[in-house]
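# Notes for the structure review
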Amino acid sequence: DDGATDPHRFDVQEAAVSAEARSIWRKRKAVLPKNLSLLFDDPLHITRGSGCFLFDGDGNKYFDGAANVPTVGHSNPRVANAVNRALLSLNTNTRYIRSDIVDYASDLLATFPQELEVVFF
C-alpha cells in the first residue's frame with residue numbers, strides 16, 4: 001500500500017503550504033480521524049468563502065464547484081439568516097413533531113417527480 005488513500009499521508013514538511021497551515025495540519029492529524037480526508041497533494045489552507053469562490057490565507061481565489069456551492073454559495077446572506085432564525089427558534093431534528101419540518105418536506109416534494117413521495121433528511 002502506497003498510502004494513496006490515507007488522508008494523513010501528506011508530509012507537511014514537503015507540502016508547499018505556509019507555516020500556519022503546517023501547524024493546523026499537525027493539530028488536525030492529532031484530533032480528527034483518518035476518514036476525514038483532504039484534497040490535493042499540497043492541501044489548500046482555506047480561510048474564507050464568498051459566492052462560488054474560496055480564498056486562501058494569501059488571498060488566492062479558487063472556484064468551488066462542489067456540492068451545493070454553485071446554487072447556494074459560501075457566505076450567502078439569505079441562507080445565513082434562515083439558519084440563524086431556525087437556530088434561534090430551536091436546534092433539533094426530525095425526532096419531534098414540528099410544522100416547519102413537514103412544511104419543508106412538502107415544499108421539497110412539490111419540486112420532485114410524483115414517484116418520489118417522501119424525503120429523508
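Let me sum up the structure you'll find in this document.

The rules behind these values
- Per-chain numbering applies: the sequence of each chain, read as written, is numbered from 1 onward.
- Owing to the predicted nature of the model, reporting of local features is limited to residues with pLDDT of at least 70; listing and counting of side-chain atom pairs is limited to 80 or more, with chain, interface and lining totals taken over all residues.
- To obtain the side-chain values, all non-hydrogen atoms of the structure were included, while hydrogens and water were left out.
- Any Lys or Arg side-chain nitrogen found within 4 Å of a carboxyl oxygen on Asp or Glu counts as a salt bridge.
- Using a 1.4 Å probe on the protein chains alone, a residue whose accessible area is under 20% of its type maximum counts as buried, one over 50% counts as exposed, and one in between counts as partly exposed.
- In this scheme, strands are said to pair when DSSP sees at least two bridges between them.
- Helix and strand labels come from DSSP, where a helix needs a run of H or I of at least four residues and a strand needs a run of E of at least two; each type is numbered from the N terminus.
- Here, axes are lines fitted to C-alpha atoms. For helices the fit covers the stretch in contact, and angles between N-to-C directions go from 0 to 180 degrees.

## Remarks on the pattern of salt bridges
Per the stated rule, a full pass over the model turns up one salt bridge. Among the ionic pairs, Asp-100 bridges to Arg-98, the shortest N-O distance being 2.7 Å. Here Asp-100 falls in the partly exposed class, since its relative accessible area comes to 38%.

## Side note on the sheet that holds strand β2 (residues 53-56)
Taken in spatial order, the three strands line up as β1-β2-β3 in an open sheet, and their pairing is antiparallel. Since the sheet does not close on itself, it has two edges, and those belong to β1 (46-50) and β3 (61-63), each with one partner. In this sheet, adjacent strand axes meet at a mean angle of 30° when their direction is disregarded. Two elements, β1 and β2, share four bridges in a ladder whose sense is antiparallel. Looking at the pairing, Ser-50 lines up with Phe-53 of β2.

## Side note on the pairing of β2
As a general feature of sheets, a regular strand has side chains that alternate between the two faces. Hairpin remark: β1 followed by β2, antiparallel, with two residues in the connecting loop; positive phi at Gly-51, about 60°. As judged from the three bridges shared by β2 and β3, these two strands associate in the antiparallel manner. In the strand pairing of β3, Leu-54 is matched with Tyr-62. From the end of β2 to the start of β3, which pair antiparallel, there are four residues, and Gly-59 there has a positive phi angle of about 90°.

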